[in-house]
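A structural walkthrough
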Amino acid sequence: DVKVTQSSRYLVKRTGEKVFLECVQDMDHENMFWYRQDPGLGLRLIYFSYDVKMKEKGDIPEGYSVSREKKERFSLILESASTNQTSMYLCASSWTPDTQYFGPGTRLTVL
Amino acid sequence: DQQVKQNSPSLSVQEGRISILNCDYTNSMFDYFLWYKKYPAEGPTFLISISSIKDKNEDGRFTVFLNKSAKHLSLHIVPSQPGDSAVYFCAASRASGTYKYIFGTGTRLKVLA
C-alpha cells in the first residue's frame, strides 16, 4: 500500500525560528512535492524534486528551501518563520503524471 | 494567471442524487487531469484521472468527463452519499519533462442526508 508520511501533524513555532518539515515515501518514487493549502487558494506548489539532489521552484518558493539527500526523503525548510507562513503543508510523491499520493499534512502555526 | 479554475466554491446535493463538480482550464498542453477528495485535517486522496486523449473515464460511482474543445472537465458522483462530503480539487499535468501539477481552488461538496 502506498505510504507518504510527514514528521508532524501539528506544529507551533515562533516568528524567526528555523522550521524543518520532513516527508518520507516508501514507493521509490522519483518525484516529490511540497504544497501549502490556504482557504480559497487551493494547493500551491512551493518546490518539487525529480531526483536526489535535484529541485525546482514551484509557484511560491520565497521564504522556503528544500533538501533531498535520499530518494525517499524530501525536507522543507523555513529559514526564518513568519506569521504569513501559517498554513497546512502537504507533501506528495509520484512516479507518473496521472497519479500523485499525498501525506496527511502538517498544520503549522507561526506565532 | 490561474490555469485551472473551479468556479463553484461550494455545492449541496441531496443523498442519492448526482453531484457534478466542474473544472475549467486554459492550457491546451495539459496531458492529464486528476480529481482529489480532501477531508479537513487530512491530505488529499486521489480519486480518478483522465488522459487528454480520452473523453470519459469511469471508476465505480465516479465518472470524469473531458471536453477538450471547451477546456472543461467534470466529475460526476452517482449516487451521492453523505461520506462524499469533502472538498474536491481538480488538477492538471503535462507528461513531458519534469512535470508538475496545477491545482484548482477546490469545491466544497455537502451531501445532505
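Relevant structure appears above.
Residues numbered from 1 in each chain as written. Chains lettered and ligands numbered in written order. Predicted model: local features only at pLDDT ≥ 70, side-chain atom pairs only at ≥ 80, totals over all residues. Heavy atoms only, no water.

**Side note on the overall build of chain A**
Helix and strand counts for chain A come out as zero helices and eleven strands. Each helix and strand of chain A, placed in order from N terminus to C terminus, yields the pattern β-β-β-β-β-β-β-β-β-β-β. Expressed as lengths along the three principal axes of its C-alpha atoms, the size of chain A is roughly 35 × 25 × 25 Å. Residue burial in chain A is summarised as follows: out of 111 residues, 50% are buried. Total accessible area computed for chain A in this model is approximately 5,300 Å², and 49% of it derives from carbon and sulfur atoms. With 15 positive and 15 negative side-chain charges, chain A shows a separation of 7 Å between the mean positions of the two kinds. (Helix = DSSP H or I, 4+ residues; strand = E, 2+ residues; numbered from the N terminus. Buried < 20%, exposed > 50% of the residue type's maximum accessible area, 1.4 Å probe, protein only. Areas by Shrake-Rupley, 256 points an atom, 1.4 Å probe, with all protein chains shown as cover. Lys, Arg positive; Asp, Glu negative; His and termini not counted. Charge placed at Lys NZ, Arg CZ, Asp CG, Glu CD.)

**Concerning the packing of aromatic side chains**
What the rule picks out here adds up to 13 aromatic pairs over all chains. Considering the side-chain rings of A:Y35 and A:F102, the 5.6 Å spacing of their centres and the 40° angle between planes classify their relative orientation as tilted. Here the residue A:Y35 occupies a position in strand β4 (residues 31-38), and A:F102 occupies one in strand β10 (residues 101-102), the gap between them amounting to 67 residues. When sorted by exposure, A:Y35 lands in the same class as A:F102, which is buried. Between A:F102 and B:Y36, the ring centres sit 5.4 Å apart and the planes meet at 85°, which makes this aromatic pair edge-to-face. (Phe/Tyr/Trp six-rings, centres within 6.5 Å; stacked < 30°, edge-to-face > 60°.)

**Quick word on the sheet that holds strand β1 (residues 4-5) of chain B**
Residues and elements named next belong to chain B. Here five strands make up an open sheet; going across it, the order is β1-β3-β8-β7-β6 and the pairing antiparallel. Each of the sheet's edge strands pairs with one partner strand only, and the pair in question is β1 and β6 (56-59). Looking at chain direction, β1 and strand β3 (residues 19-25) are connected through two bridges and run antiparallel. In the sheet register, K5 faces β3, and the bridge partner there is D24. (Pairing = 2+ DSSP bridges.)

**Some details on the nonpolar core**
General note: in soluble globular proteins, nonpolar side chains tend to be found buried as a group. Residues B:F33, B:W35, B:L73, B:L75 and B:Y88 are the most contacted members of the largest nonpolar core, which totals 24 residues. If you tally residues by element for this core, the top one is strand β9 (residues 86-93) of chain B, at four residues. Those residues in contact with B:F33 that sit more than four places away from it in its chain are B:Y25, B:I48, B:S49, B:I50, B:S52, B:L66, B:L73, B:A91 and B:A92. A:W34, A:V66, A:C91 and A:L108 belong to the second-largest nonpolar core, a separate cluster that totals 21 residues. (Core = buried A, V, L, I, M, F, W, Y, C linked by side-chain atoms within 4.5 Å. Contact = heavy atoms within 4.5 Å.)

**So, the interface of chain B and chain A**
How big an interface is tends to be stated in terms of the accessible area lost upon association of its parts. Listed as interface residues are 21 residues of chain B and, on the opposing side, 27 residues of chain A. Taking both sides of the interface into account, the surface hidden between chain B and chain A amounts to around 1,900 Å²; carbon and sulfur atoms contribute 61%. Counting the contacts that link chain B with chain A gives one salt bridge. The closest approach of N and O atoms between B:K100 and A:D59, which form a salt bridge, is 3.9 Å. Applying the counting rule to chain B against chain A returns eight residue pairs in polar contact (both at pLDDT 80 or more). For the side of chain B that touches chain A, the element with the highest residue contribution is strand β4 (residues 32-38) of chain B, accounting for four residues. Its residues assigned to classes, the side of chain B that touches chain A comprises eleven nonpolar, six polar and four charged. (Buried area = accessible area lost by both parts, 1.4 Å probe. Salt bridge = Lys/Arg side-chain N within 4 Å of Asp/Glu carboxyl O. Polar contact = N/O pair within 3.5 Å; in protein donor to acceptor, adjacent residues only side chain to side chain. Nonpolar A, V, L, I, M, F, W, Y, C, P; charged D, E, K, R; others polar.)

**Points about a nonpolar patch on the surface**
There is a patch of nonpolar side chains on the surface, built from B:I18, B:I20 and B:V78 and spanning about 220 Å² of accessible area. Judged by relative accessible area, which is 41%, B:I18 ranks as partly exposed. (Patch = residues over 30% accessible without salt bridge, like charges linked within 9 Å, V, L, I, M, F, W, Y side chains within 5 Å.)

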